[in-house]
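Coordinate analysis (summary)
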Amino acid sequence: MALRFVGKYATIMYLTHTLFQQLIPNIIYSLPSSILVFMLFLAISLGVAVLIEWMQRLVKYDKLQIAIVKKVEKW
């Protein structure tokens, strides 16, 4: 169940964790243990992924995407 939940956000989590690796490496890697680094990356990336999906639903991103694809198909 937990893996299914995390898997739903896997792509967004990968992209955001890579962004955080580049933007704030001093903060992330200042932790004394690699498991703490992993847990921090997991928490931050999952939180941001959930926030991004919520924002996509708020602005009806799927409907916008479908409308754009239909316009492109007509060309």
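Each remark here, short or long, concerns the structure printed above.
None of these values were measured; they are calculated from a predicted model.

A few points about the overall build of the protein
For the protein, the helix and strand inventory stands at 5 helices and 0 strands. Mapped from its N terminus to its C terminus, the protein presents α and β elements in the order α-α-α-α-α. Taking 11 Å as the expected radius of gyration for a compact globule of 75 residues, we find that the protein reaches 16 Å, considerably beyond that expectation. Each principal axis of the C-alpha atoms in the protein carries an extent, and together these give about 55 × 30 × 20 Å. Looking at the protein as a whole, 15% of its 75 residues qualify as buried.

Considering the side chain of Glu53
By the secondary structure assignment, Glu53 is in helix α4 (residues 34–58). Owing to a relative accessible area of 16%, Glu53 belongs among the buried residues under this scheme. The contacts of Glu53, once residues within four sequence positions are left out, are Lys8 and Tyr9.

Section: the side chain of Thr16
Within the secondary structure, Thr16 sits in helix α2 (residues 10–23). Using a relative accessible area of 8% as the deciding quantity, one classes Thr16 as buried.

Things to note about the pattern of salt bridges
Within the structure shown, the criterion is met by 2 salt bridges. For Lys8, the salt bridge identified is with Glu53, shortest N-O distance 3.6 Å. Taken together, the residues span a long stretch of sequence, with Lys8 in helix α1 (residues 2–8) and Glu53 in helix α4 at a distance of 45 residues. Residue classification places Lys8 among the exposed residues on the basis of a relative accessible area of 56%. In this structure, Arg57 engages Glu53 in a salt bridge whose closest nitrogen and oxygen atoms are separated by 3.7 Å.

Quick notes on the packing of aromatic side chains
Across all of its chains, the model carries 2 aromatic pairs by this definition. Ring centres of Phe5 and Tyr9 lie 5.2 Å apart, and the angle between their planes is 70°; on these two criteria the pair is classed as edge-to-face. The exposure class of Phe5 is partly exposed, given its relative accessible area of 40%. By relative accessible area, Tyr9 is classed as buried at 5%. Pairing Tyr29 with Phe41 gives two aromatic rings, centres 6.0 Å apart and planes at 65°, and the pair type is edge-to-face.

Thresholds applied
- Residues numbered from 1 in each chain as written.
- Predicted model: local features only at pLDDT ≥ 70, side-chain atom pairs only at ≥ 80, totals over all residues.
- Heavy atoms only, no water.
- Helix = DSSP H or I, 4+ residues; strand = E, 2+ residues; numbered from the N terminus.
- Rg over C-alpha atoms; globule rule 2.2 N^0.38 Å.
- Buried < 20%, exposed > 50% of the residue type's maximum accessible area, 1.4 Å probe, protein only.
- Contact = heavy atoms within 4.5 Å.
- Salt bridge = Lys/Arg side-chain N within 4 Å of Asp/Glu carboxyl O.
- Phe/Tyr/Trp six-rings, centres within 6.5 Å; stacked < 30°, edge-to-face > 60°.

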